[in-house]
Amino acid sequence: MPRSHPRQPINRLLLTIREMDPNYSAQDVARCDLCKTAIAQSYCDFCHVNLCKPCIGEHISDEYDKHKIVPILQRKSTLIYPKCETHQNKACKWQCKDCNINVCSHCLASSQHSGHKFLNLEELFTTSKKCIQNDREELNNKIIPTYEEIVYELEMQIASLDGEYNAAQLRHAIRGRGLNCAAKKLTTAMSKQREEIHREVDNAFHQMEKEICEIKVKHHSLLQKHLDEIKQLQSLMQQTLNVLNEMEESNEVSSAFNYSSKNEEFRKLPPKVNVSISKFVPKPIDREELCRLIGKLTQLSATMEERIFTAKKPVRELLDEPEVLNTINTGHGTLRSVTCFTDEQIWTIGLTADIKCFNITGVLQKTIRTKSGRMPYDIAVDKDGALMYSDLKTRTVYKVKNCQTEAIITLQGWKPVKLCVTSSSDLLVTMYIDNCTQSKVVRYSSSTEKQTIQFDDEGQPLYSGNPYIKYISENRNLDICVADLGASAVVVVNQAGKFRFRYTGHPSPTNNKPFEPCGITTDSQGRILTADSDNNCIHIIDAHGHFLRYIDNCDLREPFGLCVDSDDSLFVGEENEDIVKKIRYLRC
């Protein structure tokens, strides 16, 4: 089935809005509606007309006594109701739900609408106004900036094409004239092959350089076409925003309560263009079949990768003095881990087989017992609300949904420790080998192993081998952050498993015990928070490993498990105190 052009729904939206608002215009200065020339300083909020000072007297000199003259900036405080089609000069202030038409007070009392249900237009107007305001703010502050980033990315790709395809640069790439790594590999392979066959293959290389230029044109055309389409969408969104701004200022009831949001269509971001740069494929030299055996450039290939709209979080600064908002007594005896599903649900575990769920006020909602009857070693909740827990005794990660428990991962020779559900719904599991000499992080999709993170580029272990606690969390930039108690460090790698940095604490005159991180979490700003149990504090570092500050003023006692909810409230599990503290540490 052919897909509709992305501009069509936006055009329909603009048409709908303009049809809803027949008075839509782009006037810069309000003119007097009586004399038509002077600038209006006042407004009759009963008659809905602009007035200059000389015309006010003329306007209020008629037989009406309901005129309401207000400054021009205070106009439209009175709603403009649609006129009744049946009763002349009567305003419709209700909508008949059964007939789906606007009605006046006379209609309301007529037998035609006897027993019908009516909706108050003022209430519908208020609801629609709120929807319009929300759409305008989302479009202006979230959706349009996202499209601007996409445009910038495409413009950078287009700007770099000369560096990747320029024939002169290809010939001199080995001298390092500013090509990227992929282009240097391509040109190095071509140069090596050219040196071996000398002048006999010059013509063939000239032909391939011509192909490169043609591929570049195609590449440029492909990206430019995609860029033009996105810019057209941006233009349409800006027009829509202007219309929404006009509607927000308007008091036209008909246009407001008939308004239907189209932002859902705007949230469907355009697909991302992935273009594979051509590669040079060399072959052994055979002079008799030289043209065929020189090699070839792979053809330009492009795929469309779906983009998911994610609104950016506003920047929130750290509070000078973090504060405790609430305290939950868990009753575990010894509290080991805490995780959030929603802003209203807190899951906790201790040294027993019970996994407890509390609401935000500390009321116990439910208790789940592990299948083996042994303590779980960690818990996590996926995006569907299913609970997962690790069990060292059975070497298994279990999933609990709708009161049913199933094993989703069972290991041989390794034991699962800590869990983390990623933004892409993968599951990260820290684990150690039976002889306690090696540790690693494994990424799973459902029950399928996708990635193993264990060594750095030099072949050295990233994590300590002993079975000490290794809490894990995924950062906003998709970095994988591990609090390695055995190594007294927070170890951070990128999504591909490449080592980024290692944080080993920050000197403080009051924190005089060794840094031994246990719980770890990350917030919407990309900051990393890790619990320092022996020093009764929490370290906050940025996404690059730079220390920002401590949370050490909330009477923390042996903080252990950490988690952050969607509003960046921090939940701290105190191990031996057996309580969870909800702490605000960011400005609102």
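Draft legend 1. Representation of the pairing of strand S13 (residues 345–350). Most of S13 sits inside the fold, with 5 of its 6 residues counted as buried. When strand S12 (residues 335–340) meets S13, the two strands line up antiparallel, connected through 5 bridges. Bridging from a neighbouring strand, Ser337 pairs with Ile349 of S13. Inspection of the sheet shows S13 paired to strand S14 (residues 354–359) by 5 bridges, in the antiparallel sense. The residue of S14 that forms the bridge with Ile349 is Ile355. The turn joining S13 and S14, which pair antiparallel and follow one another in sequence, is formed by 3 residues.

Draft legend 2. Just helix H4 (residues 121–159), in detail. For H4, spanning 39 residues, the distance from its first C-alpha to its last is 54 Å, which sits close to the expected 57 Å at 1.5 Å a residue. Where H4 bends most, at Leu139, the angle is about 40 degrees. Of the residues flanking the start of H4, the one acting as N-cap is Asn120, its side-chain oxygen 2.7 Å from the backbone nitrogen of Glu122.

Draft legend 3. Layout of the packing of aromatic side chains. Under the defined criterion, the tally for this structure stands at 4 aromatic pairs. Ring centres of Tyr471 and Phe560 lie 6.1 Å apart, and the angle between their planes is 80 degrees; on these two criteria the pair is classed as edge-to-face. Separated by 89 residues along the polypeptide, Tyr471 in strand S24 (residues 470–474) and Phe560 in strand S32 (residues 559–564) bring together distant segments of the chain. You can call Tyr471 buried: its relative accessible area is 5%.

Draft legend 4. Representation of the environment of Gly413 in the model. Mapped onto the fold, Gly413 is located in the loop between strand S19 (404–410) and strand S20 (414–421). A C-alpha to C-alpha distance of 8.9 Å links Gly413 and Asn435, two positions 22 residues apart in sequence. Residue contacts for Gly413: discarding those within four places in its chain leaves Arg395, Tyr432, Ile433 and Asp434.

Draft legend 5. Structural view of the packing of H4 against helix H8 (residues 202–249). One can describe the packing of H4 onto H8 by two numbers: an axis separation of 9 Å at closest approach and a directional angle of 160 degrees. With respect to H8, the element H4 is oriented roughly antiparallel. Two packed elements cross with a definite hand, and for H4 against H8 that hand is left-handed. A per-class count over the contact of H4 with H8 returns 17 nonpolar, 10 polar and 8 charged.

Draft legend 6. Just the confidence of the model for the protein, in detail. Mean pLDDT over the protein works out to 83, with 84% of the residues at or above the 70 mark. Low confidence marks residues 167–181, where pLDDT is under 50. Its contacts with residues over four positions away, or in another chain, come to 23 contacts.

Draft legend 7. Inspection of the sheet that holds S12 at higher detail. Overall, antiparallel pairing links the 4 strands, which are arranged S12-S13-S14-S15 in an open sheet. With partners counted over all chains shown, the strands left at the sheet margins are S12 and strand S15 (364–369), one partner each. For this sheet, the mean angle separating the axes of adjacent strands, direction not counted, is 20 degrees.

Draft legend 8. Examining the sheet that holds strand S34 (residues 579–586) more closely. Strand order in the open sheet formed by 4 strands is S11-S34-S33-S32, and the pairing between neighbours is antiparallel. The sheet terminates laterally at strand S11 (318–329) and S32, the two strands that pair on one side only. Neighbour-to-neighbour, the strand axes of this sheet turn through a mean angle of 25 degrees, independent of strand direction. Examined bridge by bridge, S32 and strand S33 (residues 570–574) share 4 bridges and lie antiparallel to one another. Bridge assignment links Cys563 to a residue of S33, and that residue is Phe571.

Thresholds applied
- Residues numbered from 1 in each chain as written.
- Predicted model: local features only at pLDDT ≥ 70, side-chain atom pairs only at ≥ 80, totals over all residues.
- Heavy atoms only, no water.
- Buried < 20%, exposed > 50% of the residue type's maximum accessible area, 1.4 Å probe, protein only.
- Helix = DSSP H or I, 4+ residues; strand = E, 2+ residues; numbered from the N terminus.
- Pairing = 2+ DSSP bridges.
- Expected span 1.5 Å × (residues − 1).
- Bend = angle between axes of the 7 residues up to and from the residue.
- Polar contact = N/O pair within 3.5 Å; in protein donor to acceptor, adjacent residues only side chain to side chain.
- Phe/Tyr/Trp six-rings, centres within 6.5 Å; stacked < 30°, edge-to-face > 60°.
- Contact = heavy atoms within 4.5 Å.
- Axes fitted to C-alpha atoms, helices over the stretch in contact; angles between N-to-C directions.
- Parallel < 35°, antiparallel > 145°, perpendicular 65-115°, else oblique.
- Left-handed = near helix turned anticlockwise from the far one by under 90°.
- Nonpolar A, V, L, I, M, F, W, Y, C, P; charged D, E, K, R; others polar.
- pLDDT = per-residue confidence, 0-100.

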